[in-house]
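Topology and contacts: notes
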Amino acid sequence: MSEATEKSTAAHAAAPAPKTAAPGQMTRGDFLWAGWSMLAAFFAASAAAGARYLFPNVTYEPSQIFNAGPVSGYDLGVSTKWLNEHRVWIVRTETGLYALWARCTHLGCTPNWFPDQNRFKCPCHGSNYTLAGDVIAGPAPIPLWRAKITVASTGDLIVDKGVLADQPPKRDQPPFFLPLASA
Ligand code: FES
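All figures in this text were calculated on a predicted structure; none of them were measured in a lab.

Calculation notes
- Each chain carries its own residue numbering, running from 1 in the written order of its sequence.
- Where local features are concerned, this predicted model is filtered to residues with pLDDT of at least 70; where side-chain atom pairs are given and counted, the filter is 80 or more; whole-chain, interface and lining totals use all residues.
- The side-chain values count all of the structure's non-hydrogen atoms but skip hydrogen atoms and water molecules.
- Should DSSP find at least two bridges between two strands, the strands are regarded as paired.
- Runs of E in the DSSP output that reach at least two residues are strands. Runs of H or I that reach at least four are helices, and both are numbered from the N terminus.
- Burial classification: accessible surface area is computed with a 1.4 Å probe over protein chains only, and a residue below 20% of its type maximum counts as buried, one above 50% as exposed, and the rest as partly exposed.
- Only rings of Phe, Tyr and Trp enter the pairing, Trp through its six-membered ring, and a pair is recorded when the two centres are within 6.5 Å. The plane angle decides the type: under 30 degrees is stacked, over 60 is edge-to-face, the rest tilted.
- Two thresholds decide whether a charge sits over a ring: the Lys NZ or Arg CZ must be within 6 Å of the ring centre and within 35 degrees of the ring normal.
- To count as a disulfide, a pair of cysteine sulfur atoms needs to be within 2.5 Å.

As summarised here, the arrangement of the 4 strands in space is β5-β6-β7-β8, forming an open sheet in which the pairing is antiparallel. Pairing within the sheet leaves two strands with one partner each, and these edge strands are β5 (112–114) and β8 (135–137). Relative to strand β7 (residues 128–129), strand β6 (residues 119–121) runs antiparallel, the two sharing 2 bridges. Bridge assignment links Lys121 to a residue of β7, and that residue is Asn128.

Below, the structure written as structure tokens:
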């Protein structure tokens, strides 16, 4: 072997190994890339969690308060005007006005108003209620609930189903009963 060939062979032997990994092993570049990827994934997940915190998955219930229009618009008797939309009857008597929540106190069905019998009757299990909401038949354990009512400065009746009363004397006085002169 010539001297030049020997030098070449020696230089080749001293050169660093190429940067290729053996099968199943990671190079330093692969390792760094994996690290950055994991970090990026972590920040992405944190950002998503933060966004979810800022915009929580909330179900908004319809308001329990509604404007039932002018008090002067209610004649003697039971108004079913708000039954479908708000599940409330407005009852006007000789002495005042109140709002009955149309929810049977047995299992929650919606009773019907029978003017000829002057009573509310539940179609589910037969509970009957008087005009005042008292139970006169069936399994209902307590009277119908009355909702809080107030009169706005405009003269409109404001009904709040979030505040309820079912028993006298509480239900027969403000804010569950609005005293009025005879119609
Ligand atoms: S739900 Fe009204 S009587 Fe049962």
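The rest of the description comes next.
Let us now look at the pairing of strand β4 (residues 96–101). Across the 6 residues that make up β4, a large majority, 5, are buried. Relative to β4, strand β3 (residues 88–92) is paired through 5 bridges, and the arrangement is antiparallel. What sits directly across from Arg92, in β4, is Leu97. The pairing of β4 with strand β11 (residues 178–179) spans 2 bridges and is antiparallel.

Turning our eyes to something else, we now look at the pairing of β3. Taking burial as the measure, the 5 residues of β3 include 5 buried ones, the bulk of the element. Side chains Val88, Ile90 and Arg92 project from β3 onto one buried face, and the interleaved Trp89 and Val91 project onto a second face that is buried too. With 3 bridges connecting them, strand β2 (residues 77–79) and β3 associate as antiparallel partners. Each bridged residue has a counterpart across the sheet, and for Val78 the counterpart in β3 is Val91. Taking the residues that link successive antiparallel strands as the turn, the β3-β4 hairpin has 3 residues.

Time to look at the packing of aromatic side chains. Under the criterion given, the structure shown has 4 aromatic pairs. Considering the side-chain rings of Phe66 and Trp82, the 5.5 Å spacing of their centres and the 50° angle between planes classify their relative orientation as tilted. One end of the pair, Phe66, is in strand β1 (residues 65–70); the other, Trp82, is in the loop between β2 and α3 (83–86), and 16 residues separate them in sequence. For Phe66, a relative accessible area of 6% puts it in the buried group. Judged by its relative accessible area of 13%, Trp82 falls in the buried class. Ring pairing ties together the aromatic residues Trp89, Trp113 and Phe120, which thus form one cluster. Lys121 extends its terminal NZ or CZ atom over the ring of Phe114, reaching a point 5.1 Å from the ring centre.

As a further point, take the state of the cysteines. Two cysteines form a disulfide when their sulfur atoms are joined by a covalent bond. Counted by the stated rule, this structure contains 1 disulfide. Paired by a disulfide, Cys109 and Cys124 hold their sulfur atoms 1.9 Å apart. Looking along the S-S bond of the Cys109-Cys124 disulfide, the torsion reads about -95°, which is the left-handed sense. Of this pair, Cys109 sits in the loop between β4 and β5 while Cys124 sits in the loop between β6 and β7, and the two are 15 residues apart along the sequence. Taking the relative accessible area as the measure of exposure, Cys109 reaches 22% and is therefore partly exposed.

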